Structures are given as C-alpha cells and as structure tokens.
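The primary structure of each chain is shown beneath.
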Amino acid sequence: MSGFSADWLALREPYDLRARSREVIAAVAASVAALPSVHIVDLACGTGATVRALSGRLRSRQVWRLADNDLGLLGRANAMTPADNVRVTATPLDLNRDLEAALDGAIDLVTTSAFLDLVSKDWLDRLTTEIAARAIPFYAALSYDGRIDILPNDPADASIIAAINRHQATDKGFGPALGPEAAAYAIGAFERLAYTVTHRRSDWVMGPNDRDVQLEIFAGWASAAREIGALSLDETAAWLTRRRANITAGTSSLRVGHVDFFAEPTGRR
C-alpha cells in the first residue's frame, strides 16, 4: 500500500530512529526477553526500518516476516544484512484484503511504523480484533498525531496545518483515514480489549541543519494543501517560497508530533 518512495523513507529514517520512544522499546524488549526465539510480523514494512530499529534491542533469536504490497520496497528489505541472530523474509501482501493471512502462524509480536494514521476506523477495528483474538502483543511507532510547530512563524502556517490534517483523513487505500486520531483510537481499542498499553510521544525534531528533510516535508505539505484546496495556488506557493528561504537562511526548525505505543495482553508477563 505504501505509496512512499525509497528515497523518502531513507531520508526520514534517521529522524524516525531518533524520535522512537526508548521507554516503549524497553517495554517491547521486556515482553519477549524470556523467549529464546521470537517470531515477529511487521506490517507495511517499507524497506525494513522497524527491523533496523528494534532487532538490536532484542536479545533473542529473531524470525521476522515483513509484509508490504510494494515490491520495490520489499526488494530493499530483503537485501538487508541483519545480525547473525536475525532472519528476515519479505512477503508481498495486500493488507487491506489479506490482513488475516499476515497474522497466520506462530507469532510472538506484531509491529508497524508510520502506518496507523493511514488506515480507517473500520480497518483498525479489524486489526485490533484479530490481534486480540490471537493474544499477540503489538508495537506501533511513529503515528502522526496532528501537532506541528514551525519556527519562525508564518501567517499561513495555521491554514497549511489545518489542510495537512484534513488531507491526512482522506482515503489512503483503507477507507477514510483516521489520520491524527489514529494513535489515540488504537490505544483506546486495545485497552477495551483488556490490553495494557504503554505510550509516549515520539516527535520528529528538526533544526536549522536538517535542511534536506525540511525541504522535502514542506514540499509535501504544500502539495497536500493544494489538493485540499484550502488556500489558493498563489498563497500556497508563496508560503512554500518563504519556508524555503528560511531553510536557506539557516533559521528553520520543526517539530512534528508522533506517538509510539506497545499493547500487551493483560497478565502476559
């Protein structure tokens, strides 16, 4: 489903890695620490960023099954050279149609990153129900939650941010997306299914030296604002021009809100 280029995923990965909550990762690691071998399914895996972020924090031997429908990204994931105690298999799968197939077999942990904000309420209900029916722990990182702070301030920021959040709620292939509401909704759903949930903020933080990623983000946001039609083309282009000028001048900084959580069946440890 991904729709994201490998270049963009590579550009954002260091910021994702820095943003991931250490407390949530520690909870994940503690939950499987006693297992000699851990079977993990990673949904919407992209190029395998979750493997790279998590595998070094788990002491056990690991068998990862990666699922995505983008064959190009899966090829990059398969080309990873993991540690000796890690085995990775990448599987092409349409998660909208075949979610249940992704969850077949012996699984000790399900993971995903930067994905839940792209799916609908109905699909997320389906996911939480299927995971709870199998009593599997679930780690979800980097779900966008709608918070954006940009410095220096610009008069058009509020309109652009509102347009971004409206665009986040459009259909990304799974029905109308939950967008910024996804993490809170998923946490509540797991808690109603008798899971214990550890959650923390995992914000992107970018400073004046992080120029390439800011240029890419602002260009993407301008495109989203144009699609929504909240501002005129001239207004959107002028905002993007001012933002690029701030980046060039070395005065631009950015915080984008995300949430990480780990949901574990109550009493499992």
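Quick note: structure is the one above.
Notes on the structure follow.

About the thresholds
Residues numbered from 1 in each chain as written. Predicted model: local features only at pLDDT ≥ 70, side-chain atom pairs only at ≥ 80, totals over all residues. Heavy atoms only, no water. Helix = DSSP H or I, 4+ residues; strand = E, 2+ residues; numbered from the N terminus. Rg over C-alpha atoms; globule rule 2.2 N^0.38 Å. Contact = heavy atoms within 4.5 Å. Areas by Shrake-Rupley, 256 points an atom, 1.4 Å probe, with all protein chains shown as cover. Lys, Arg positive; Asp, Glu negative; His and termini not counted. Charge placed at Lys NZ, Arg CZ, Asp CG, Glu CD. Buried < 20%, exposed > 50% of the residue type's maximum accessible area, 1.4 Å probe, protein only. Phe/Tyr/Trp six-rings, centres within 6.5 Å; stacked < 30°, edge-to-face > 60°. Expected span 1.5 Å × (residues − 1). Arc of directions from axis to C-beta. Core = buried A, V, L, I, M, F, W, Y, C linked by side-chain atoms within 4.5 Å.

Turning our attention to the overall build of the chain. A tally of regular secondary structure across the chain gives 10 helices and eight strands. Rg of the C-alpha trace for the chain: 19 Å, near the compact-globule value of 18 Å for 269 residues, within the 12% margin. Across its three principal directions, the C-alpha atoms of the chain cover 55 × 35 × 35 Å. Within the chain, counting contacts between residues at least 6 apart in sequence, those at least 24 apart form 82% of the total. Just so you have it, the chain exposes about 11900 Å², and 51% of that area is on carbon and sulfur atoms. When the 29 basic and 33 acidic side-chain charges of the chain are each reduced to a single mean position, those positions are 5 Å apart.

Cis peptide bonds are those with omega within 30 degrees of zero, and the linkage from Leu151 to Pro152 qualifies with -5°. Structurally, Pro152 is set in the loop between β5 (138-151) and α7 (157-168). The backbone phi angle of Ala114 is positive, close to 50°, even though this residue is not glycine. Mapped onto the secondary structure, Ala114 falls in the loop between β4 (109-113) and α6 (121-133). The residue Leu142 is not glycine, and still its phi comes out positive at about 65°. Tracing the sequence through the fold places Leu142 in strand β5. For Leu142, a relative accessible area of 2% puts it in the buried group.

Counted by the stated rule, this structure contains 10 aromatic pairs. Between Phe138 and Phe261 the ring centres are 5.9 Å apart and the planes differ by 50°, which places this aromatic pair in the tilted class. Remark: Phe261 occurs in strand β8 (residues 253-265) and Phe138 occurs in strand β5; sequence separation between them is 123 residues. Each member of the pair Phe138 and Phe261 is classed as buried. What links up through ring pairs into an aromatic cluster is the set Phe138, Phe190, Tyr195 and Phe261.

Moving on, we get to helix α10 (residues 233-249). Spanning 17 residues, α10 covers 24 Å between terminal C-alpha atoms, matching the ideal 24 Å at 1.5 Å per step. Every buried residue belonging to α10 is among Thr236, Trp239, Leu240, Arg243, Asn246 and Ile247, and all of these are buried. One side of α10 carries all its buried residues, which in axial view fall inside an arc of 120°. In α10, the exposed positions that point more than 90 degrees away from the buried face belong to Asp234, Thr241, Thr248 and Ala249. Looking one or two residues past α10, Gly250 carries a phi angle of roughly 75°, positive in sign.

This part covers helix α2 (residues 22-32). Of the positions making up α2, those classed as buried are Val24, Ile25, Ala27, Val28, Ala29, Ser31 and Val32. Looking at the buried side of α2, the elements it contacts are β1 (37-43), α3 (49-54), β4, β5, β6 (195-201) and β8.

As for its position among the elements, Ser37 is in strand β1. Assessed through its relative accessible area of 18%, Ser37 is described here as buried. Not counting residues within four places of it along the chain, the set of residues in contact with Ser37 comprises Ser60, Arg61, Val63 and Asp108.

The biggest cluster of nonpolar side chains holds 54 residues, and the ones touching the most others in it are Leu66, Tyr139, Ile148, Trp221, Trp239 and Leu254. Discounting chain neighbours no more than four positions away, the residues touching Ile148 are Ile161, Ile164, Trp221, Leu254, Arg255 and Val256. Grouped together as the second largest cluster of nonpolar side chains are 34 residues, Leu103, Leu127, Ile131 and Leu178 included.

It is worth spelling out the side chain of Asp157 at this point. By the secondary structure assignment, Asp157 is in helix α7. With relative accessibility at 8%, the residue Asp157 sits in the buried group.

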